[in-house]
Amino acid sequence: LGPELSSILPRHRMTAFQKKFRVNDNDVAFAFPDGIYNLAVVENDPESIFDVLRQRFGNEPRPTSYLFPPVAYEPDRRVYLMEDLGFPTNRPGRPSRDIALQARLKRQPFLNTPTERDINKTSRSGRVLTEIEVLQEKHDPEFKQIIPAVADALTNVIAQHSQIGTRDDRFAMYETNNVPNIQLEDYIHRVGEYTYISPSSMLAAIIFLDRLCERYPLLTITNQNIFKLFFVSVRIASKVVDLRSLNNRNFASVGGVGNRHLNELEDAFLKYIKFDLFLSPAEFNEYSRRLHPPIAHSAIRQIHESPEGDAEEDEARRNVMPNLEGPR
């Protein structure tokens, strides 16, 4: 069984012959009178060449016994969010790393509340802060460290998944017609600030997204579906992690989707993930430890407070009402 020798390229037959008898080109040429053997003769009259070689060394191996090393192809390997999570880096115009390191002096992410001192519950003017304002003040240093890292991880995964080129039509409902009119990092800031979620909920949302991608190999994260997928994952994570959370109507208004559409997206997400929502301490810590800076590179460079104009510009970007309505 197998192909006939005449159907194999002569140079491949010669390679197999040399491999079987452990001979090289010089050994083969020595079997012929001077000047008779060359590659052109092998290509043009292979049978006469192999007749001499069979008499000199032995029978030619059959094609079915060829032991050429298999060609190795590098498969398209999916990158998950956990692999790209890391401490924020500085970028032109946004010293995210420096800001995160200064915020870390106030509070490290994911510390248990009983281990920290009570935060100031009055404003500078002496006004008593509301419960929401207290939570925002408490979580602000953590979000300054977490949000840039999450945005960078999502951006890197989108870039890598774009090279795979697969698509799972079951997730078409999470796609928007166009890329939303807000930057991804600004959108994450908006969600963190106006839905009053905890930093732990945002990290849990990343874990749930990884679980979803792991269950559906054809699902790729794109600029068109990341906004809804992230937003719905945060919506579910806040219900799992936080003691209290906004209702879906108020939550939807922050993310730029209608209440009914959010209900549909949430229902589908839960079914696709098969209600796999349990978060073990080991898994949560595996993700969270990636958000801490390497000890050797934790030096803090003093930076000045952002000018008032820059702060107002950042606030204006995050207050843009995103429009995520798309195919349903």
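Presented here is a report on the structure given in the accompanying data block. As the structure is a prediction and not an experimental result, all values here were calculated from the model. (Residues numbered from 1 in each chain as written. Predicted model: local features only at pLDDT ≥ 70, side-chain atom pairs only at ≥ 80, totals over all residues. Heavy atoms only, no water.)

### Observations regarding the pattern of salt bridges
So, point 1. A full pass over the atoms with the stated rule returns 22 salt bridges.
So, point 2. Note that Glu60 and Arg13 form a salt bridge whose closest N and O atoms lie 2.8 Å from each other. In this pair, Glu60 sits in the loop between helix H4 (46-56) and helix H5 (81-84) while Arg13 sits in helix H1 (residues 10-21), placing the two residues 47 residues apart along the sequence. The same class applies to Glu60 and to Arg13, which are both buried. (Salt bridge = Lys/Arg side-chain N within 4 Å of Asp/Glu carboxyl O. Helix = DSSP H or I, 4+ residues; strand = E, 2+ residues; numbered from the N terminus. Buried < 20%, exposed > 50% of the residue type's maximum accessible area, 1.4 Å probe, protein only.)

### With respect to unusual backbone geometry
Leaving glycine aside, a negative phi is the common case for residues, and trans is the common case for peptide bonds.
So, point 1. Look at Arg22: it is not a glycine, yet its phi comes out positive at around 55°.
So, point 2. Locating Arg22 in the fold gives a position in the loop between H1 and helix H2 (25-30).
So, point 3. Judged by its relative accessible area of 79%, Arg22 is exposed.
So, point 4. One non-glycine residue, Tyr196, lies in positive phi territory at about 60°.
So, point 5. Relative to the helices and strands, Tyr196 is located in the loop between helix H8 (184-194) and helix H9 (199-215).
So, point 6. For Tyr196, a relative accessible area of 33% gives the class partly exposed.

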